[in-house]
Structures are given as C-alpha cells and as structure tokens.
Amino acid sequence: MTQEQFSKLQEIAKGAKNIAIISHKNPDGDAIGSSLGLRAFLFRQQLQARVIVPDSFPGFLRFLPESKSVWFFDKMKEAATQYIKSADLIFILDFNTLKRIEEIGALIENNPCPKVLIDHHPDPEVKAQFTYHRVTVSSTSELVFEFAQKLFPGSHLGAKAATCLYAGLVTDTGCFKHNLHERTHITAGKLLQAGADHEAVMLEIFDSNSFNRTRLLGYSLYEKLIMDPATGLAYIALSQEELKRFDYKKGDTEGFVNLALGIDGVKMAVLLTELNDGLTKLSFRSHGSFEVNGFAAKFFSGGGHKNAAGGAFEGTVDQAVDRLKESIPELIKMNLQNLRS
Ligand code: 5GP
Ligand code: MN
C-alpha cells in the first residue's frame, strides 16, 4: 500500500461508523491476536470496531485483553449479519480464501464498502480495495503492527494491542521456531517495548494445560502415533470417542502435530481429529522445501502455508486415514516437481 492509500484509508476510517474486523473459522492465536490487536489500536484512535469470527476460539486465548468482545457468528447469527451488512469499513485478517469464513463470505462480498485485507498466506483470492500482504513474515499480527504505524504515523500502539499482537506472533512462529525472519525478533522487541506482557502470553498459552489435555497428549504419542519410515509420514488419528474420553476442548490438540514432525526422518506429519459426526479435520506440517499446502488443497479442500496447512474430510477418521494413505504417492510426486522447479 502506498502512503497515499494509507492517508485515504485514514480518512475513511475516521468517517466510519461501523467497522468490522473479520477473521477465519477455528480462529488461532494469530487470527484472534491480530484482530483484537487491531481493534485495541483503533480504539486508541477513537475508532470503535467489532471483531467477528465464524466460531469460538481456544480457551487459552481468553486472557487476551477484550477477548470477551469477540462475536462468534454461529452463536449470534442475526446480530452479526446485521452488523456486517451495515459495516462501512471491513478488515479481513489472516486468511486468503472466503471459504474459510463460510456464510460470512457472501455477506462481505455483498457489502460494497471499502475492505482492507491484511494477510500472510500465499495467493490471496479475496478482493479488497486495500491490500497489505506479505508471505515472508511471521504472522498477520506482525503485519498489523507495521500497518498500524503506517495508518496513524507517530501514534502509540498501547499495551493491550501489543500483548494481542505479541501473542499472535509467538503462536504463529511456534515460539520463534518457524516463519522466522530477522524482522520477527525486531518486531517482538518493539512489541515488548510497547508494553506486551511476555509472561502472561507464555503462561496462559503454553503453561496452562488442563490435566485432560496433558493426558491426551501422552495417549496420542504413546498409543496413537504411527510412523512410516519408507515415506517419511508420521500421523496421529483421534476418533470422536477418544477425544470425548479426555474431555476434549477446542485447542487441546494444538502443537501435537509438531511433535510428530519433530521425529528424525519425518518429512510430513499429520494430525487427524474427528470433530463431529461425519467431519474429520486435518493438520499438515512439513520441513523446508517439502510443501503441504497444495496437497491439502487438492485432497482435503484446504490450504495454508507451504509447511503448515489444514483441511477437512467428510467422513470418519478411519476413512480420512485411508484417503491420506491413498494420496501419499501423489504428495511425493507433487514434491518431486517442487524440488525440480
Ligand atoms: P492448523 O493445522 O494449525 O489448523 O492450520 C495450519 C495452517 O493452515 C494455518 O495457517 C491455517 O491458516 C491453514 N489452514 C487450516 N485449515 C485450513 C483450511 O481448511 N483451509 C485453508 N485454506 N487453510 C487452512
Ligand atoms: Mn497467521
């Protein structure tokens, strides 16, 4: 975005009465962190905005400032629909395709108001008058940090926004492990300077696990982890019954797939969770030039980043495992092509 566009957007924002900030289904730390961060920053500029996401976020994000203000579309369809219909400025954060916001997608498309896309996923399909997009960045939260300074130059971010954005940056990099660039650490430092609460972020997100979640992790690794040295695939498949046995709550399996990826010789790790009757969610992770987003899109109507993608399968977890195994030769073929080109 040019400086001229930022000035124009500043004028639009100042005149807006209903600002909506939308992020994706199954919102993660970056989706909620970037959205609440932007909201808190706009609030300091005397601008009110409403964060709306398709469904609820994991409990470990509840500590984020103003997290209670977030509207879940599935829980308050009528009010959220009205709000989006009457919005005069819409921010679209942390996703690249309207499929990821389900019914909200049509509402956004039908509202002709100015839209701002801030995202770090490859090949954004979403059309917006203002687009702040980069793939080589840790997170949408980091982009919101840069964006805020350009939108209102010289303004202070505020500690609330800083904590939200820091949480997004930390979760999307897996605690500074991946999606990491020189600038990531510089941004993290600036967020701390602006008042981000590092201790709260670490404690609430990584060290506040329920007893059941910790036992589910042990069970998943000891009983359910399957590894195929021939293809370099490791996966954990959890049925609805198993999730129920450990009183599964949204977010409880966060990070499991990365532990499977951390095994020597593993090229791709997959976590399959049977969330409700007839729907299995898949999380894919890989290292380096081995890419999983194209595979997730082709076989599991999903997508994401090269080394971290997600998708879904209509069927039981066992059927999803069969589909995964059938499609592995294609995954290997896709990556041979990637490596050659
Ligand atoms: P996770 O496995 O943690 O749910 O998601 C990993 C990455 O893949 C995230 O960056 C997320 O944005 C993306 N992702 C997850 N699920 C989907 C999906 O169903 N569709 C698309 N396009 N991306 C997804
Ligand atoms: Mn993100």
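Just above, that's the structure.
Residues numbered from 1 in each chain as written. Chains lettered and ligands numbered in written order. Predicted model: local features only at pLDDT ≥ 70, side-chain atom pairs only at ≥ 80, totals over all residues. Heavy atoms only, no water.

S.K.: Before we move on, can you summarise the overall build of the protein with the specific residues and values?
M.R.: Per the secondary structure count, the protein includes 13 helices and twelve strands. Here the C-alpha radius of gyration of the protein, 20 Å, is about what a compact globule of 341 residues would show, namely 20 Å. In the protein, which comprises 341 residues, the proportion classed as buried is 51%. Put simply, the protein shows about 16000 Å² of open surface, and 51% of that area lies on carbon and sulfur atoms. Across the protein, the centroid of the 38 positively charged side chains sits 3 Å from that of the 40 negatively charged ones. (Helix = DSSP H or I, 4+ residues; strand = E, 2+ residues; numbered from the N terminus. Rg over C-alpha atoms; globule rule 2.2 N^0.38 Å. Buried < 20%, exposed > 50% of the residue type's maximum accessible area, 1.4 Å probe, protein only. Areas by Shrake-Rupley, 256 points an atom, 1.4 Å probe, with all protein chains shown as cover. Lys, Arg positive; Asp, Glu negative; His and termini not counted. Charge placed at Lys NZ, Arg CZ, Asp CG, Glu CD.)

S.K.: Talk me through the coordination of the manganese ion (ligand 2); I want residue IDs and the actual numbers.
M.R.: Summarising the metal site, the manganese ion (ligand 2) is bound by the protein donors Asp30 (OD), Asp94 (OD), His120 (NE2) and Asp172 (OD), whose distances to it range over 2.2 to 2.4 Å. Sequence spacing of the donors to the manganese ion (ligand 2): D-x63-D-x25-H-x51-D. With a gap of 52 residues between them, His120 in the loop between strand 5 (115–119) and strand 6 (130–133) and Asp172 in helix 6 (residues 159–172) connect regions that are remote in the sequence. Its relative accessible area of 1% is what places His120 among the buried residues. (Donors = N, O, S within 2.8 Å, 3.2 Å for Na, K, Ca; no water.)

S.K.: Describe the pairing of strand 2 (residues 49–53), and please don't skip the residues or the numbers.
M.R.: Of all five residues that make up strand 2, four are buried, and the element is covered over most of its length. Inspection of the sheet shows strand 1 (residues 19–22) paired to strand 2 by four bridges, in the parallel sense. From the neighbouring strand, Ile21 faces strand 2, where its bridge partner is Val51. In this fold, the crossover linking strand 1 to strand 2 by way of helix 2 (residues 29–44) has right-handed handedness. (Pairing = 2+ DSSP bridges. Right-handed = clockwise from strand over helix to strand, strands pointing away.)

S.K.: Quick rundown of the packing of helix 5 (residues 140–151) against helix 7 (residues 182–193)? Include the residues and the values.
M.R.: Where helix 5 contacts helix 7, the two axes come as close as 11 Å, and the packing angle between them is 65°. In this structure, helix 5 meets helix 7 at a crossing whose hand is left-handed. Facing Glu142, Phe145 and Glu146 of helix 5, the residues of helix 7 in contact are Arg183, Thr184, Thr187, Lys190 and Leu191. Residue classes in the contact of helix 5 with helix 7 are distributed as two nonpolar, two polar and four charged. (Axes fitted to C-alpha atoms, helices over the stretch in contact; angles between N-to-C directions. Left-handed = near helix turned anticlockwise from the far one by under 90°. Contact = heavy atoms within 4.5 Å. Nonpolar A, V, L, I, M, F, W, Y, C, P; charged D, E, K, R; others polar.)

S.K.: Which residues make up the site of ligand 1, and what values go with them?
M.R.: Taken together, 14 residues surround ligand 1, and among them Arg100, His121, Ser283, Arg285 and Gly303 come closest. With respect to ligand 1, the side chain of Ser283 contributes an N or O atom lying 2.6 Å from an oxygen atom. Within the side chain of Arg285, an N or O atom sits 2.9 Å from an oxygen atom of ligand 1. For ligand 1, whose unbound accessible area comes to 490 Å², protein coverage reaches 83%. (Near = heavy atom within 4 Å. Polar contact = N/O pair within 3.5 Å; in protein donor to acceptor, adjacent residues only side chain to side chain.)

S.K.: Would you mind going over the sheet that holds strand 4 (residues 89–93) in detail, with residue names and values included?
M.R.: What the six strands build is an open sheet, ordered 3-2-1-4-5-6; its pairing is parallel. Unpaired on one side and paired on the other, strand 3 (71–72) and strand 6 mark the two borders of the sheet. Strand direction decides the pairing type here: strand 5 and strand 6, joined by four bridges, are parallel. Following the sheet pairing, Leu117 is matched in strand 6 by Thr131.

S.K.: So what's going on with the packing of aromatic side chains? Residues and values would help.
M.R.: One pass over the full model with this rule turns up 13 aromatic pairs. Seen in terms of ring centroids, Phe91 and Phe147 are 6.1 Å apart; in terms of plane orientation they differ by 90°. Their pairing is edge-to-face. Within this pair, whereas Phe91 is found in strand 4, its partner Phe147 is found in helix 5, the two being separated by 56 residues in sequence. For the pair Phe91 and Phe147, a shared accessibility class is recorded, and that class is buried. Put simply, the rings of Phe284, Phe295, Phe299, Phe300 and Phe313 touch in pairs and so form one group of aromatic residues. (Phe/Tyr/Trp six-rings, centres within 6.5 Å; stacked < 30°, edge-to-face > 60°.)

S.K.: Go over the side chain of Ser286 with me, naming the residues and quoting the values.
M.R.: Considering the arrangement of structural elements, one finds Ser286 in strand 10 (residues 279–286). Take Ser286: its relative accessible area is 5%, and that puts it in the buried class. Polar contacts involving the side chain of Ser286 include one to the main-chain carbonyl oxygen of Phe290, which spans 2.5 Å. A distance of 2.9 Å separates a polar atom in the side chain of Ser286 from a polar atom in the side chain of Asn307. Once residues lying within four places of it in the same chain are set aside, the contact partners of Ser286 are Leu261, Lys267, Glu291, Val292, Lys306 and Asn307.

S.K.: I'd like a description of the sheet that holds strand 10, backed by residues and values.
M.R.: Strand order in this open sheet of six strands is 7-8-9-10-12-11, and the pairing throughout is mixed. Looking at which strands have only one partner, the edges of the open sheet turn out to be strand 7 (225–228) and strand 11 (303–304). In the sheet, strand 10 pairs with strand 12 (residues 308–314) via seven bridges, with the strands oriented antiparallel. The partner of Thr280 across the bridge, within strand 12, is Phe313. Here helix 12 (residues 293–300) sits on the sheet in contact with strand 9 (268–276), strand 10, strand 11 and strand 12, set at roughly 10° to strand 12.

S.K.: Talk me through the pattern of salt bridges; I want residue IDs and the actual numbers.
M.R.: Inspection of the entire model under this criterion finds 13 salt bridges. As a salt-bridge pair, Asp55 and Lys25 come within 3.4 Å of each other at their nearest N and O atoms. Residue Asp55 is located in the loop between strand 2 and strand 3, and its partner Lys25 is located in the loop between strand 1 and helix 2; the two are separated by 30 residues in the primary sequence. Residue classification places Asp55 among the buried residues on the basis of a relative accessible area of 8%. Its relative accessible area of 28% is what places Lys25 among the partly exposed residues. Within this structure, Lys25, Asp55, Glu102 and Lys250 form a network of salt bridges that share partners. (Salt bridge = Lys/Arg side-chain N within 4 Å of Asp/Glu carboxyl O.)

All quantities given are derived from atomic positions and should not be read as evidence of function.
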